[in-house]
Amino acid sequence: MTLGTTGDGNNDGAIYWANLQSQGNYSGAALEYAIAYDITKDPILFFKIGTANEKAGKCNVALTYFQRYLKEGNPSDEYRRMTDEKVAGCKAAVGEPGD
């Protein structure tokens, strides 16, 4: 299954989530991604939940999801690097020391 699609290949969820984010409703998008995770148990969604929370200004919450993504999502090198950058940015935003 690819991110933003259902098992049957339907990408209506991806379109809905993209619409929420394009409208600046990052908290709503984070909630919808969390609901999708509850249904699919796909740890790749942790990256999306983290990113939506980061954009909503909730870096303390985003850090939790970025760390779960790194631990459980088996990211590619590219996504690991992107996530590490997001973690560093969020840690700076909340005043946590970097690794």
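Residues numbered from 1 in each chain as written. Predicted model: local features only at pLDDT ≥ 70, side-chain atom pairs only at ≥ 80, totals over all residues. Heavy atoms only, no water.

Student: Just to check I follow, could you spell out unusual backbone geometry for this structure?
Tutor: Peptide bonds are trans in most cases, and residues, glycine excluded, mostly fall at negative phi. Unusually for a residue other than glycine, Lys41 sits at a positive phi of about 60 degrees. With a phi close to 50 degrees, Asn74 is a non-glycine residue in the positive phi region. Here Asn74 is to be found in the loop between α4 (59-72) and α5 (77-94). (Helix = DSSP H or I, 4+ residues; strand = E, 2+ residues; numbered from the N terminus.)

Student: Mind showing me how you'd approach the environment of Lys91 here?
Tutor: Positionally, Lys91 belongs in helix α5. Sequence separation between Lys91 and Cys59 is 32 residues, and the spatial gap between their C-alpha atoms is 7.5 Å.

Student: What should I look at first to understand the packing of α4 against α5 in this one?
Tutor: Helices that pack against each other are described as a pair by the angle of their axes relative to one another and the distance between those axes. Following both chains from N to C, one finds α4 and α5 inclined at 155 degrees, their axes separated by 9 Å at the closest point. Judged on the interaxial angle alone, α5 and α4 are roughly antiparallel. Between α4 and α5 the crossing geometry is left-handed. Residue-level contacts link Cys59, Asn60, Ala62, Leu63, Phe66, Gln67, Tyr69 and Leu70 of α4 to Tyr79, Arg80, Thr83, Asp84, Lys86, Val87, Cys90, Lys91, Ala93 and Val94 of α5. Split by residue class, the contact of α4 with α5 holds 11 nonpolar, three polar and four charged. (Axes fitted to C-alpha atoms, helices over the stretch in contact; angles between N-to-C directions. Parallel < 35°, antiparallel > 145°, perpendicular 65-115°, else oblique. Left-handed = near helix turned anticlockwise from the far one by under 90°. Contact = heavy atoms within 4.5 Å. Nonpolar A, V, L, I, M, F, W, Y, C, P; charged D, E, K, R; others polar.)

Student: Any chance you could explain α5 here in plain terms?
Tutor: Counting along an α-helix, one turn takes 3.6 residues, and residues three or four places apart therefore face a common direction. Over its 18 residues, α5 runs 26 Å from end to end, which matches the ideal 26 Å to within 8%, given 1.5 Å per residue. Of the residues making up α5, those classed as buried are Thr83, Lys86, Val87, Cys90 and Lys91. All buried residues of α5 fall inside an arc of 135 degrees around its axis, so they share one side. The exposed residues of α5 that point more than 90 degrees off its buried face are Asp77, Glu85 and Ala92. Tucked inside the fold, the buried residues of α5 contact α3 (45-55) and α4. (Expected span 1.5 Å × (residues − 1). Buried < 20%, exposed > 50% of the residue type's maximum accessible area, 1.4 Å probe, protein only. Arc of directions from axis to C-beta.)

Student: Which parts of the structure should I look at to understand the pattern of salt bridges?
Tutor: A side chain of one charge can pair with a side chain of the opposite charge if their charged atoms are brought near each other. Scanning the model with the defined rule gives two salt bridges in all. Ionic pairing is found between Glu72 and Arg68, a salt bridge with its closest N-O pair at 3.2 Å. Here Glu72 and its partner Arg68 are both found in helix α4, four residues apart, which amounts to about one turn of the helix. The class of Glu72 is partly exposed, set by a relative accessible area of 35%. (Salt bridge = Lys/Arg side-chain N within 4 Å of Asp/Glu carboxyl O.)

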